[in-house]
Amino acid sequence: MTKSKKLVAFVIFPLLFLSLLVLLPVMSVLVNSHTTQDRYTVNPEGHLAVDIEFGEIIIETTDRNYVDIATRKEWKSKSGILKPKLGKRAAELLEDFEITIECDDPDTPSNIRIEGKFNRGQEYWQEALKWLTVEIRVTVPRQYNVTLKTASHGDIHVGDLVGTVKVEALAGNLHLGEIQGEVWGKPV
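Please read these numbers as outputs of a predicted model, since none were measured by experiment.

Peer 1: Describe in detail the overall build of the chain, supporting the description with residues and values.
Peer 2: Scanning the chain for helices and strands turns up 2 helices and 14 strands. Residues classed as buried in the chain amount to 35% of the 188 residues present. Summarising the internal contacts of the chain: among those between residues at least 6 apart in sequence, 64% fall at separations of at least 24. Split by element, the accessible area of the chain, about 11,000 Å² in all, is 54% carbon and sulfur.

Peer 1: Pulling in residues and values, what's your account of the pairing of strand β7 (residues 132-141)?
Peer 2: The element β7 is extensively covered by neighbouring structure, given that 8 of its 10 residues are classed as buried. Where strand β3 (residues 56-62) lies against β7, 7 bridges are found, and the strand directions are parallel. By the bridge assignment, E56 is partnered in β7 with E135. Alignment of strand β4 (residues 66-78) against β7, held across 8 bridges, turns out to be antiparallel.

Peer 1: Before we move on, can you summarise the environment of S152 with the specific residues and values?
Peer 2: Following the sequence through the fold, S152 ends up in the loop between β8 (145-150) and β9 (156-158). On a C-alpha basis, the gap between S152 and L170 in space is 6.0 Å, while along the polypeptide they are 18 residues apart. Other than its neighbours up to four places away in sequence, S152 contacts E53, F54, G55, Q122 and A171. Only 3.3 Å separates the side chain of S152 from the backbone oxygen of E53, close enough to count as a polar contact.

Peer 1: Which residues make up the packing of aromatic side chains, and what are the values?
Peer 2: Under the criterion given, the structure shown has 4 aromatic pairs. Taking 6.0 Å as the distance between ring centres and 70 degrees as the angle between the ring planes, the aromatic pair formed by F54 and F118 counts as edge-to-face. Of this pair, F54 sits in the loop between β2 (47-52) and β3 while F118 sits in strand β6 (residues 111-118), and the two are 64 residues apart along the sequence. Here F54 falls in the buried class, since its relative accessible area comes to 1%. Judged by relative accessible area, which is 4%, F118 ranks as buried. Aromatic pair F97 and F118: ring centres 4.8 Å apart, planes at 65 degrees, arrangement edge-to-face. Taken together, the residues F97 in strand β5 (residues 97-103) and F118 in strand β6 connect sequence positions 21 residues apart. For the pair F97 and F118, one class covers both residues: buried. The residue whose ring lies beneath R39 is Y66, and the NZ or CZ to ring-centre distance is 3.8 Å.

Scoring rules and cut-offs
Residues numbered from 1 in each chain as written. Predicted model: local features only at pLDDT ≥ 70, side-chain atom pairs only at ≥ 80, totals over all residues. Heavy atoms only, no water. Helix = DSSP H or I, 4+ residues; strand = E, 2+ residues; numbered from the N terminus. Buried < 20%, exposed > 50% of the residue type's maximum accessible area, 1.4 Å probe, protein only. Contact = heavy atoms within 4.5 Å. Areas by Shrake-Rupley, 256 points an atom, 1.4 Å probe, with all protein chains shown as cover. Pairing = 2+ DSSP bridges. Polar contact = N/O pair within 3.5 Å; in protein donor to acceptor, adjacent residues only side chain to side chain. Phe/Tyr/Trp six-rings, centres within 6.5 Å; stacked < 30°, edge-to-face > 60°. Lys NZ or Arg CZ within 6 Å of the ring centre and 35° of its normal.

Geometry only, nothing functional implied.
Written out as structure tokens, the structure is:
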């Protein structure tokens, strides 16, 4: 074996292997998520109210008389293997952001209210919010009224809808489809 081959075999390859071992954990990604799905048969021309402290609201429509609610809370950060406490912190954050759903009538509701808030307050988690994603995706009947509010880190999307639409995104954008009815919007 020549000197150059020995150098490659005994020095270069081990160094490459060690650098991979060092860089792999640094490049790793920690993902922790919670999702839910609910369906309610509703009276037509009802009302949906969504008020979340953090995250994005997406409203889609259907020709059927039901409301589908899909929620997703996700923590995604790099360097998860190097910081094992980060996984515990992610689980605590996802648990702390509570999403509640209330209906006016458990059998066939007309009105549904969804709230999302931090039990400990958003300020408590300020440093961790850059890794958090919250999405509330709701499918409503094409003829339905909606009142939507998100306080931070989220846009509001409303598809084509017949009804009253009231939207407020304190730190996000409004994306409205073709709305047939009264529209009130407030991006800040």
